[in-house]
Amino acid sequence: MHVYFYNKVKWLSFIFIGSISILVILPIFSIFNISYNSSFINNYVYIFNIVSFTLWQALLSASISIILAILFAHSLNRQRHFIGREIIVKFLAFMFVVPTMVIIFGTIAVYGFQGLINSILTFLNFNKMNSIYGLKGILLAHVLLNMPFATRVFLNQLEAIPYPNYKTAEMLQFTSSDYFKLIEWPLMKQTLYPIFILIFILCFTSFSIILSLGGGPHTSTLEVAIYESLMFELNFVKASSLAIIQLIFTVILLTITASQNLNLSMMQGTRLNFNHPQQKIKRNKIFDFLIISVLSLFIFTPFIMIIFKSFINLYGWKIVTKSYFHQAFITSVIICILSGTISTTIAIVVSFLNFFLGQKNKYLKINLNVFTNIILGVSPIILGTGYFILLGELRYFSLSSYCILIMVNILISLPFSFLIIKEPLKNLLQSFNDLAIMLNLNKLDYLRVNLKPLMRFIGVSFAISSAISLGDMTVIALFGTDNFTTIPHLIFQMIGTYKFAEGSALTIILLSMSFSLFLFFDKHAKN
């Protein structure tokens, strides 16, 4: 059936699986080699404290994000003519590509000791809030990062509910709670567990937020403990042992998610334009107004404060004249473009392989999918730790750091690129493959004809992959030096040295770059 490519598909699949295996096994082998026969693993109290806090903060962050997302999506769906609703919905999608360091800086700008909340309390002659650093800072940043994503996915589902469902409910005189329980909740429940697990994994493997807002050893997670062991203690045995524990947990989480449908699109859903039957009931309008207003304020305020602080501290902009900023900017752009391009290209190739394997080799097809998503089970900090140990003195050379950073960023963004491209390409090939055989197209024409209608999804994949790479802080935290840094790493250094004016300027620049990628993403998503 698949006349052009099937003979080569098996070998290409083996090459892909083999390449990913080597890239992943090498750092893991170096970790096991260091930690072999290590007595550190017997330090039960320390390990228990680290693991329990890692799980606890991830559980709290995911739970709060999901609960608020359900309320937010429910209110946005019911009030379809709320003033500013379209801006809010757009911003929810934009939050998916906002770099973590922007979230951290925004959280400090609002809730920090010199932040907006304390300024208001001081003006009103109240006592200032205690330090944001610790669990509450971690939760605030994680919810700000993940709640908009969950809201957007839930809202996509609610907006696709057909009008006859609501009309029937109206005829049956459903109450507001009946609408939610019998019409909306069953649909939201379908993706509740997959979204919760995905957010839990993201918070479990969170690095930048814990490192910046954790506040000390008592709020350290596995990833941060690995980083501190490498960079501050130079204890490779401890770092390797913690990495093995992290690997065990992430593999367990990957196994749990293997049966779940995590193909959650952030693109615009199928919106059906009609008024919600319950939108004009007074108590619903009051409730929805409060929910939308409070949660919108929670999301927008950090970004408003970032912009505000960058313009009241104009002297911070002098950083753009510094040579280390130019170097960080160029490095960020190069890594962003290369990672996005290579990740998208690999995703296209793997999607072709995934289709042409078809039903003929299910075992190889399953392995292809597993290895594409392997970064979900082997976090960036584990790969970074392994290569940090493996490279030895070579890790201080910029070229090797560039290669490692780009490679890990490709692996990070590949699952997203694959999920974006896989299904559209499959649908396209299913409808066109037989026609191509009838027309006797050559290989070049076959590829050109198939890739042209796929450009929409290729553009989305490139934008998201590039945005993920642009905001990455995990690997650069290990390999970053004075001569090799990125804008997120530079922002982290500014926060660490309390240079918030310069940090504000850098955050605005990073936010502008992310927004440009989002506009690119949004343009292709609409085509």
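Presented here is an overview of the structure given in this document. None of the values given here were measured: they were computed from a predicted structure.

Conventions adopted
Residues numbered from 1 in each chain as written. Predicted model: local features only at pLDDT ≥ 70, side-chain atom pairs only at ≥ 80, totals over all residues. Heavy atoms only, no water. Helix = DSSP H or I, 4+ residues; strand = E, 2+ residues; numbered from the N terminus. Buried < 20%, exposed > 50% of the residue type's maximum accessible area, 1.4 Å probe, protein only. Expected span 1.5 Å × (residues − 1). Contact = heavy atoms within 4.5 Å. Core = buried A, V, L, I, M, F, W, Y, C linked by side-chain atoms within 4.5 Å. Salt bridge = Lys/Arg side-chain N within 4 Å of Asp/Glu carboxyl O. Axes fitted to C-alpha atoms, helices over the stretch in contact; angles between N-to-C directions. Left-handed = near helix turned anticlockwise from the far one by under 90°. Nonpolar A, V, L, I, M, F, W, Y, C, P; charged D, E, K, R; others polar.

**Concerning unusual backbone geometry**
Positioned with a positive phi, Asn125 is a non-glycine residue whose angle comes to about 65°. If you trace the backbone, Asn125 turns up in the loop between helix H5 (116-123) and helix H6 (135-159). For Asn125, a relative accessible area of 71% corresponds to the exposed category.

**Things to note about helix H15 (residues 380-391)**
Helix length check: H15, at 12 residues, gives a terminal C-alpha distance of 16 Å against a target of 16 Å (1.5 Å per residue), a fit within 8%. Counting buried residues in H15 gives 11 out of 12 residues, a clear majority hidden from the surface. Looking only at H15, the buried set comprises Pro380, Ile381, Ile382, Leu383, Gly384, Thr385, Gly386, Tyr387, Phe388, Ile389 and Leu391. Trailing H15 by a residue or two, Gly392 shows a phi angle of about 60°, which is positive.

**Some thoughts on the environment of Leu425**
On the secondary structure map, Leu425 appears in helix H16 (residues 398-439). For Leu425, a relative accessible area of 0% translates into the label buried. Note: C-alpha distance between Leu425 and Leu454 (29 residues apart in sequence) is 6.9 Å. Those residues within four positions of Leu425 in sequence are excluded, and the remaining contacts are Ile348, Ser351, Phe352 and Leu454.

**Quick word on the nonpolar core**
Phe72, Phe154 and Ile299 are the most contacted members of the largest nonpolar core, which totals 145 residues. The greatest single-element share of this core, amounting to 14 residues, is contributed by H16. What Phe72 contacts, discounting residues up to four positions off in sequence, is Ile88, Leu92, Met147, Thr151, Ile291, Ile292, Leu295, Ser296 and Ile299.

**Details of the pattern of salt bridges**
Counted by the stated rule, this structure contains 3 salt bridges. We note a salt bridge from Asp288 to Arg78, for which the minimum N-O separation is 2.8 Å. Of this pair, Asp288 sits in helix H12 (residues 282-312) while Arg78 sits in helix H2 (residues 44-78), and the two are 210 residues apart along the sequence. Take Asp288 and Arg78: they sit in the same class, and that class is buried. As a salt-bridge pair, Glu159 and Arg85 come within 2.8 Å of each other at their nearest N and O atoms. Here Glu159, found in helix H6, pairs with Arg85, found in helix H3 (residues 85-94); they are 74 residues apart in sequence, far enough to count as distant. In this structure, Glu159 and Arg85 share a single accessibility class: buried.

**Focus: the packing of H2 against helix H8 (residues 176-204)**
Between H2 and H8, whose axes approach to 9 Å, the crossing angle comes to 145°. Viewed along their axes, H2 and H8 form a crossing whose handedness is right-handed. Residue composition of the contact of H2 with H8, grouped by class: 16 nonpolar, 8 polar and 2 charged.

**Digging into the side chain of Ser332**
You can see Ser332 is positioned in helix H13 (residues 323-357). Among the residues examined, Ser332 registers a relative accessible area of 3% and is labelled buried. If we ignore the near neighbours within four places in the chain, the residues touching Ser332 are Leu470, Thr486, Ile487 and Pro488.

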